[in-house]
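Below, each chain spelled out in residue letters.
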Amino acid sequence: MDVNAAVAAVAAIAGVLTGVIAMLAFRFSEREQRRPPRTSLHTDPVLPPGVDTVLSVLRSSAVVLDEADGVVKASSAAYALGLVRGGKLAVEPMLQMARDTRRDGEIRQVELDLPRRGTGRGEALAVSARVAPLGSRLVLLLVEDLTEARRIEAVRRDFVANVSHELKTPVGALSLLSEAVMDASDDPEAVERFAGRMQIEATRLTNLVQELIDLSRVQNDDPLEDAEPVRVDELVAEAIDRCRHAAGTKEITMATGGTADLYVWGNRGQLAAALGNLVENAVNYSPARTRVGIAARRVAQPGGDMLEIAVTDQGIGISEKDKERVFERFYRVDPARSRATGGTGLGLAIVKHVAASHGGEVTVWSAEGQGSTFTLRLPEAGAARDRTRQTSHRDESVGLDREAGGSPSSSHPSSPHSSDPSAYETLPSPEVLP
């Protein structure tokens, strides 16, 4: 009887222990289910709330580094600049700045010149890098591309230097001539000679100031705000009238053709100034008793017809090295001839900006000793007006300001015949100016 009681007691104790163990195992299982997975304790650091959104709207290239210098987050601009490669920051100076900032928590900033990816010409990217701590474990790197800003600043410095030089020349000449007039007050012939020279220098100074104003205006104004259909033959007639006296003095023949019933869409004043500059250059750089031709034609394009207005001369021509630079400000193919004709070196720069702002381009064909042909290519009135309206409607629908874009001007023709004078119809009987 005692043995049976002992067995029963042992069985009861074993049952109680089994129940306790089962209950503990159940509780432990629930706790393990609520606990984060072990692998999550060793994953990459997570960005603080809102940081990802802020980085996505920054204009600067952004890179977030962890405590092991690994890239946690990088913007597409950072990859485009070549800052991040293979999940690592590829610029050693920036990486060292990040390590120093992680160590002492101080914000650092530096400007660097980085090699440009994909080019073998040694060109450099100018960037400004700023490193700051982001929490206790992360470091934020912001990189801003300063290349374009530096280029614009260099262009501005060159422009100011060129303007200063060009202005000092006629002003200095006027000062010297005025002294000469005072010293020769008792010599009427000398006074008359010096006074004539003063008038020439004053005219040159006036032309330079006016062309500076014109260049500033075409760069800052939107010509399509006051756009209208403009007859090509009227533009040609105005350009010829502008050069009638100079052409008549040199007995230069002016010939026109193909300009009837053609219209361009744009600012009449700017278009007249651009074509006038081309015709004036043709007359100034042509020998006496030669011919200057102005021809126009329509060229079919997928996006709408274009009009090409070509100005051809029989002058000295332009060398290959000069053709690359003729549209630069203050650049002169023949400085001595420009001084004799009063040229400022701004005329073709104005033509370039007018063409680009109207959605066109200007090209040049030339051979030394054979003359030159400058071709102004502009959208025809109907096609250009339709494109302008479509662009304006599309931009208004998305809440953007319309920008009038254009193809960049170039010294190379965009088609095999765009600047070759042989591509145009034979001009009619020329008009000989008196």
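Residues numbered from 1 in each chain as written. Predicted model: local features only at pLDDT ≥ 70, side-chain atom pairs only at ≥ 80, totals over all residues. Heavy atoms only, no water.

### Some words on helix α9 (residues 268-284)
For α9, spanning 17 residues, the distance from its first C-alpha to its last is 24 Å, which sits close to the expected 24 Å at 1.5 Å a residue. Among the 17 residues of α9, twelve are classified as buried, and the element is accordingly described as predominantly covered. Residues of α9 that are buried: Q270, L271, A272, A274, L275, G276, N277, L278, V279, A282, V283 and N284. Capping of α9 at its N-terminal end is provided by N267; its side-chain oxygen lies 3.1 Å from the backbone amide nitrogen of G269. (Helix = DSSP H or I, 4+ residues; strand = E, 2+ residues; numbered from the N terminus. Expected span 1.5 Å × (residues − 1). Buried < 20%, exposed > 50% of the residue type's maximum accessible area, 1.4 Å probe, protein only. Polar contact = N/O pair within 3.5 Å; in protein donor to acceptor, adjacent residues only side chain to side chain.)

### Brief notes about the packing of α9 against helix α12 (residues 347-357)
Where α9 meets α12, the closest approach of the two axes is 9 Å, and the angle between their N-to-C directions is 140°. As summarised for this structure, α9 and α12 are arranged oblique, according to the angle between their axes. Along this stretch, α9 crosses α12, giving a crossing that reads as left-handed. Here Q270, L271, A274, N277, L278 and N281 of α9 come into contact with α12, specifically with G347, L348, I350, V351, V354 and S357. A breakdown of the residues in the contact of α9 with α12 according to their chemical character gives seven nonpolar, five polar and no charged. (Axes fitted to C-alpha atoms, helices over the stretch in contact; angles between N-to-C directions. Parallel < 35°, antiparallel > 145°, perpendicular 65-115°, else oblique. Left-handed = near helix turned anticlockwise from the far one by under 90°. Contact = heavy atoms within 4.5 Å. Nonpolar A, V, L, I, M, F, W, Y, C, P; charged D, E, K, R; others polar.)

### Considering the confidence of the model for the chain
Summary statistics for the chain give a mean pLDDT of 76 and a share of 71% for residues scoring 70 or more. At the low end of the mean pLDDT range in the chain sits strand β15 (residues 431-432), at 40; at the high end sits strand β12 (residues 306-312), at 94. Low pLDDT, under 50, characterises residues 36-44; the stretch is placed with zero contacts to residues that sit more than four places away or in other chains. Every residue in residues 391-419 is under pLDDT 50, and counting partners more than four places away or in other chains gives 55 contacts. (pLDDT = per-residue confidence, 0-100.)

### Points about a negative patch on the surface
A cluster of acidic residues, D186, D187, E189 and E192, forms a negative patch on the protein surface. Looking at the secondary structure, you find D187 in the loop between α5 (147-183) and α6 (188-220). On the basis of relative accessible area, D187 is assigned to the partly exposed category, the value being 36%. (Patch = residues over 30% accessible without salt bridge, like charges linked within 9 Å, V, L, I, M, F, W, Y side chains within 5 Å. Areas by Shrake-Rupley, 256 points an atom, 1.4 Å probe, with all protein chains shown as cover. Salt bridge = Lys/Arg side-chain N within 4 Å of Asp/Glu carboxyl O. Lys, Arg positive; Asp, Glu negative; His and termini not counted. Charge placed at Lys NZ, Arg CZ, Asp CG, Glu CD.)

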